[in-house]
Every structure is written in C-alpha cells, then in structure tokens.
Amino acid sequence: MLLLMFFQRFQSLKNFYIDEVIGLYPLILYASLLFFAIGLIDLLWHLNKGIVIYVSVLCGIVVVFHVTTTMIPFFTTRTPFRTPLSDFLANF
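Bear in mind that the values here come from a model prediction, so they are computed numbers and not experimental data.

Participant: An account of the overall build of the chain is requested, with residue identities and associated values reported.
Facilitator: In terms of regular secondary structure, the chain is built from 4 helices and 0 strands. When its helices and strands are written in sequence order, the chain yields α-α-α-α. Computed over its C-alpha atoms, the radius of gyration of the chain comes to 20 Å, more than 25% above the 12 Å expected for a compact globule of 92 residues. Taking the principal axes of its C-alpha atoms as reference, the chain extends roughly 65 × 30 × 20 Å. Buried positions account for 13% of the 92 residues belonging to the chain. Just so you have it, the chain exposes about 7800 Å², and 75% of that area is on carbon and sulfur atoms. Looking at charge distribution, the chain has the averaged site of its 5 positive side-chain charges lying 6 Å from that of its 4 negative ones.

Participant: Would you mind going over helix α4 (residues 84–91) in detail, with residue names and values included?
Facilitator: For α4, every residue scored as buried is listed here: Leu85, Ser86 and Phe88. Angularly, the buried residues of α4 cover 160 degrees about the axis, an arc narrow enough to put them on a single face. Facing away from the buried surface of α4 by more than 90 degrees, the exposed residues are Pro84 and Asn91. Lining the buried residues of α4 we find α2 (18–45) and α3 (49–75).

Participant: Would you mind going over the layout of surface pockets in detail, with residue names and values included?
Facilitator: In this structure, the largest pocket encloses a volume near 440 Å³. Around the largest pocket, the lining is made up of 17 residues, and of these Tyr30, Leu34, Val63, His66 and Val67 lie nearest the centre. Within the residue set of the lining of the largest pocket, elements represented by two or more residues are α2, α3 and α4. The element that contributes the greatest number of residues to the lining of the largest pocket is α3, accounting for 8 residues. Among the residues forming the lining of the largest pocket, the class breakdown is 14 nonpolar, 3 polar and no charged.

Participant: Which residues make up the confidence of the model for the chain, and what values go with them?
Facilitator: Predicted coordinates in regions of low pLDDT should not be interpreted in detail. Per-residue confidence for the chain gives a mean pLDDT of 84, with 99% of residues at or over 70. Within the chain, the element-level pLDDT minimum falls on α4, averaging 73, and the maximum on α3, averaging 88.

Participant: How would you explain a nonpolar patch on the surface if you had to name every residue and give the values?
Facilitator: Taken together, the side chains of Leu34, Phe35, Ile38, Val63, Val67, Met71, Phe74 and Phe75 make up a nonpolar region of the molecular surface, amounting to roughly 790 Å² of accessible area. Broken down by secondary-structure element, the contributors of at least two residues to the nonpolar patch are α2 and α3. Here the element with the most residues in the nonpolar patch is α3; it accounts for 5 residues.

Participant: Give a description of the side chain of threonine 69 that names residues and reports values.
Facilitator: Looking at the secondary structure, you find threonine 69 in helix α3. When its relative accessible area of 14% is taken as the criterion, threonine 69 is described as buried. At 3.1 Å, the side chain of threonine 69 and the backbone oxygen of histidine 66 are in polar contact.

Rules of the game
- Residues numbered from 1 in each chain as written.
- Predicted model: local features only at pLDDT ≥ 70, side-chain atom pairs only at ≥ 80, totals over all residues.
- Heavy atoms only, no water.
- Helix = DSSP H or I, 4+ residues; strand = E, 2+ residues; numbered from the N terminus.
- Rg over C-alpha atoms; globule rule 2.2 N^0.38 Å.
- Buried < 20%, exposed > 50% of the residue type's maximum accessible area, 1.4 Å probe, protein only.
- Areas by Shrake-Rupley, 256 points an atom, 1.4 Å probe, with all protein chains shown as cover.
- Lys, Arg positive; Asp, Glu negative; His and termini not counted.
- Charge placed at Lys NZ, Arg CZ, Asp CG, Glu CD.
- Arc of directions from axis to C-beta.
- Contact = heavy atoms within 4.5 Å.
- 1 Å grid on protein atoms, 1.4 Å probe; cavity = no way out; pocket = protein on both sides within 12 Å on 5 of 7 lines; lining within 4 Å.
- Points joined across faces, edges and corners; volume = space filled by probe spheres on them.
- Nonpolar A, V, L, I, M, F, W, Y, C, P; charged D, E, K, R; others polar.
- pLDDT = per-residue confidence, 0-100.
- Patch = residues over 30% accessible without salt bridge, like charges linked within 9 Å, V, L, I, M, F, W, Y side chains within 5 Å.
- Salt bridge = Lys/Arg side-chain N within 4 Å of Asp/Glu carboxyl O.
- Polar contact = N/O pair within 3.5 Å; in protein donor to acceptor, adjacent residues only side chain to side chain.

Pasting the structure below:
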C-alpha cells in the first residue's frame with residue numbers, strides 16, 4: 001500500500017514536469033542577477049561615469065565567463081564545466 005502511494009506521487013511529479021520547473025530556478029536566478037546589474041549600471045550612470053565604466057566592464061567579464069562556461073558542454077563531452085543549467089539547456 002505504501003509503495004503504491006509513493007509510485008502515484010512519483011507519477012504525479014512526472015505528469016506536472018516538476019524536473020523542468022526545478023531546472024528553471026538557476027535560469028531565473030541568473031536572469032535576476034543580470035537585471036540587477038543593468039539596474040545598478042543605470043543608477044550609477046547618473047552619479048559617476050567613471051564608476052559606471054568599471055562596473056560595466058566587470059559585469060561584462062562575468063557575463064562572458066558565465067556564458068562561455070555554460071556553452072562549452074555543447075561542443076565537447078569531456079569538460080569539467082558541466083552544470084545542471086547546461087544540461088537543461090542542452091535538453092531544451
């Protein structure tokens with residue numbers, strides 16, 4: 001009886017695509033960090049242009065590094081940069 005209940009719950013999780021929803025959380029987190037960086041640059045634009053250049057370059061380097069390490073597993077299978085986000089995007 002208990003095993004049947006666990007099996008029904010597992011089937012319900014599969015029917016509602018819970019794996020895909022949980023896989024979206026890192027993507028939503030990265031999008032929110034990107035929007036935060038854009039908002040920070042916009043705020044600093046009106047205060048000090050020198051700081052904006054520094055923050056923009058720093059944010060650009062971080063974004064390029066993150067996108068590169070996420071996309072590397074698409075081109076090779078022997079990479080230490082495999083993350084759940086790259087697996088999710090590969091299956092998407």
